[in-house]
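Summary of structural features
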Amino acid sequence: MSFTESIRIALTAIRANRLRSGLTVLGVVIGVLSVVLLVAVGSGARAVVTAGVEDLGSNLLLVAPGSFEFGQAPTRSQFTLDDIESLSRELRGRARVTGSIASGERVRSDTGAAFTSVIGVTADFEDVVNRPIARGEFLNESDLATARRVAVLGASAADGLFGGIDPIARQITVGGLRFRVIGTVEPLGTALGVDRDSQVYVPLTAAQRLFGIRTIDTLFVRTDDRGDLDDVSAVIERVLSERFEPDEFSIVSQDEILGVAGRILDTLTLVLAAIAGISLLVGGIGVSNIMLVSVSERTREIGLRKALGARTREITRQFLVEAIVLCGIGGVLGAAGGVGLSYAAERFTPVPAEVTWWSVALAFGVSVAVGVIFGVFPARRAGRMDPVVALRRE
Amino acid sequence: MTATPYAPMADTTAATPVIAVDDVTRSYQLGSRHVGVRALRGVSFTVAPGEFVAIVGPSGSGKSTLLNLLGALDRPTTGAVRLDGRDVATMSDTQLARLRNAEIGFVFQQFHMLARTTALDNVALPLVYAGVGRSARVARARGALEAVGLGHRLDHHPTELSGGEQQRVAIARAVVTDPRILLADEPTGNLDTVTGDDVMRLLEQLNTDRGTALIVITHDPDIAARAPRQIRLRDGVIVDGVAGGAPR
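Residue numbers run consecutively from 1 along every chain, following the written order of its sequence. Whichever chain is written first is A, and whichever ligand is written first is 1; the rest continue in order. Residues qualify for local features only when their pLDDT is at least 70, as the model is predicted, and side-chain atom pairs are given and counted only at 80 or more; totals for whole chains, interfaces and linings, by contrast, use all residues.

The helix count covers DSSP runs of H or I at least four residues long, the strand count covers runs of E at least two residues long, and both are numbered beginning at the N terminus. Scanning chain B for helices and strands turns up 7 helices and 10 strands. Any residue with 12 or fewer other C-beta atoms within 10 Å of its own C-beta is exposed, any with 20 or more is buried, and the rest are partly exposed; the C-beta atoms used are placed from the backbone. Taking all 248 residues of chain B together, 48% fall into the buried category. Throughout, a pair of residues is in contact if the C-beta atoms placed from their backbones lie within 7 Å. Contacts in chain B between residues at least 24 apart in sequence constitute 71% of all its contacts with a sequence separation of at least 6.

Residue and element names in this part refer to chain A. Note on method: axes are straight lines fitted to C-alpha atoms, helices fitted across the in-contact stretch only, with angles between N-to-C directions ranging 0 to 180 degrees. The N-to-C vectors of helix H11 (residues 312-348) and helix H12 (residues 357-383) enclose an angle of 155 degrees; their axes lie 7 Å apart at closest approach. In terms of orientation, H11 lies roughly antiparallel with respect to H12. In terms of crossing hand, the pair formed by H11 and H12 is right-handed. Three classes are used: nonpolar for Ala, Val, Leu, Ile, Met, Phe, Trp, Tyr, Cys and Pro, charged for Asp, Glu, Lys and Arg, and polar for all others, with Gly counted as polar. Here the residues of the contact of H11 with H12 are counted per class, giving 20 nonpolar, 10 polar and 2 charged. By the definition adopted for this analysis, an angle is roughly parallel if under 35 degrees, roughly antiparallel if over 145, roughly perpendicular if from 65 to 115, and oblique otherwise. Two helices crossing with the near one rotated counterclockwise from the far one by less than a right angle form a left-handed crossing, whereas a clockwise rotation gives a right-handed crossing.

A separate point is the interface of chain A and chain B. The interface of chain A with chain B comprises 16 residues on the first partner and 20 residues on the second. Each residue belonging to the side of chain A that touches chain B can be placed in one class, and the counts come to 8 nonpolar, 2 polar and 6 charged.

Right, let's talk about the sheet that holds strand S9 (residues 229-234) of chain B for a bit. Note: strands within a sheet are paired through backbone hydrogen bonds, in either parallel or antiparallel orientation. Residues and elements named next belong to chain B. Any two strands with at least two DSSP-identified bridges between them are counted as paired. Taken together, the 6 strands give an open sheet; going across it, the order is S6-S7-S8-S3-S9-S10, and neighbouring strands pair in mixed fashion. Looking at strand neighbours, the two that pair on one side only are strand S6 (104-107) and strand S10 (237-240), the edges of this open sheet. Across the sheet, the mean angle from the axis of one strand to that of its neighbour is 25 degrees, orientation sign disregarded. Summarising the sheet, strand S3 (residues 52-56) and S9 pair through 4 bridges and their orientation is parallel. In the strand pairing of S9, Val53 is matched with Arg229. Against the sheet, helix H6 (residues 193-210) contacts S3, strand S7 (181-185) and strand S8 (213-218), and its axis sits at roughly 165 degrees relative to S7.

Here the focus is the domain arrangement of chain A. Interface size, as often reported, equals the accessible area lost upon joining of the parts. Where each domain starts and ends follows an automatic or database-derived domain assignment. When the domains of chain A are assigned, the result is domain 1 (3-51 + 260-392) and domain 2 (79-243). Distance from the C-alpha centre of domain 1 of chain A to the C-alpha centre of domain 2 of chain A: 55 Å.

Okay, H6 of chain B next. Residue and element names in this part refer to chain B. Counted at 1.5 Å a residue, the expected span for H6 with its 18 residues is 26 Å, and the 25 Å between its end C-alpha atoms agrees. Taken residue by residue, H6 has Gly196, Val199, Met200, Leu202, Leu203, Leu206 and Asn207 as its buried positions. Burial along H6 is one-sided: seen end-on, the buried residues are contained in an arc of 155 degrees. More than 90 degrees from the buried face of H6, the exposed residues found are Thr193, Val194, Arg201, Gln205 and Asp209. Against S3, helix H5 (163-175), S7, S8 and helix H7 (221-224) lie the buried residues of H6. After H6 finishes, the residue Gly211 shows a positive phi value of roughly 70 degrees. In this analysis, the expected span of each helix is defined as 1.5 Å times one less than the number of residues it contains. Note: the arc covers the axis-to-C-beta directions of the helix.

Note on soluble globular proteins: their nonpolar side chains tend to be buried together. Membership of the largest hydrophobic core comes to 134 residues, with the highest contact counts inside it found for Ala172, Leu182 and Ile215 of chain B. When residues no more than four places from it in sequence are discounted, the contact partners of Ile215 of chain B are Val47, Val53, Ile55, Leu70, Ile181, Leu183 and Ala184 of chain B. Think of a nonpolar core as buried Ala, Val, Leu, Ile, Met, Phe, Trp, Tyr and Cys residues, each tied to the set through C-beta atoms within 7 Å. Of all hydrophobic cores here, the second largest spans 49 residues; its members include Ile84, Leu87, Leu210 and Leu219 of chain A.

Set out below in structure tokens:
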């Protein structure tokens, strides 16, 4: 008996019991579909994070308080303006240094109000963290030195507070203090879940007074040359070690952020895939169950086929192929559905989804493997059936 | 399609018996208490090529057990069953399957058609396991159906056929591989007298025309009386007809 003959017999049997076959296939479809869809969501999240981190630029170093390890508690920052100044001095001509403190504040104007992120920064923030100016100008050294009450608005902050009106030279109020708007930033979009366009920038010194603190949350260092990253990192390490213990600060590059974020998201993707895998397993057990019913129901057919000359392995193969074809149909439909839903999710919902072709191939392969694994037991039972007993069965 | 797809029988001379049963017993273990039931207790007879033999006996006489042995579906507990000269006790399951496929045609009381399968595909089924290609299968199955007078029913499903027609399809299926032995187990048991008579005539005609040995197992004396030779079974032994009759 040829292989195509086995497939033909399998398709006939599957067609003969459309409803039952359909429900069996459905179990596999749901399993494969969830594997493809959930892996796509996991990969989508990874892609978003990667894009967000890469947006910062590959020659940027972050200096954060505490140690930058997954699972470490956040540490209160001890950095001050002096650290920015000493680092700037040491790295002159090689890198530029800035820092920021941020706090959620209610910001008001004559025409609107918003609760948003007010960030105190130095003048170099514009270039180091890349905030291209749309109108007016960014904060300068003199604003910083005198803690002048001026502000630069992100694109959507400007819109929210002033509508269509040009905000330059107008007043905003933050924590009871008045600030004059001197510039607006180009629209930048969202990075790592942070809406950069809603931010309001004020001089670091003014922000310290506003928030009542003397520290800086985070330092940013951008090297002029990407190849200089390690050397610059070493200089930062040396300078800060004069004031801090080694575990009181950490220097983080884009690669390290990607590494940590990637590990978290890979774990997430793996967990999602494992959950989906369980549903695929359940689908496989369904196939096994239905095949056992099918074998039992077709006992006389098996007896007849054996009487007419079918060998044990031909009967086994017939039922095994049937299980594989069932799972294969489920695999194709599930993969198609998973890809379709992933694209739909990406397009019509805020959920990022990125179809990874290895997950499609894997899910389909696994579904066929499920057919083999869960089909073998019923198929062997069919093949081993005694024709005398099988023919006598009513 | 007029050409007959059957090769002429090569061996109609009675050199070796097509069936030789030699002091065969068959016991079954029933349940877990190892209670042995001896369905056959020492049966011997031979069937010559092309012979027509009726095996008769009441239910419980061992007819079905004997049929299973003659059909290479089962092996004897002791003694030897030789089909076409080959001892089934020494053959593997696969060899028995091959032997059934090539040399034995079964006709059952319950017809045993594959549902949702056309008459043509039902008849072609043994050829699938003989490894015959699809187009050759169709041609031979069609020829067999024409030979049993059902050339106009090729695409009908079993549910669309009368009992007599279904049994004819089963007979076509039994002879499509051109076997040397045709085993009919109560072939008229589910048919009315007139239809049963037609089916018996068809079997006898195939027996005569092709020289296929015909074994009919029945409890019906009228059916048995049609055979030149009858083997009567009772309680697992032959009570009459032991001596092999001469081939016709």
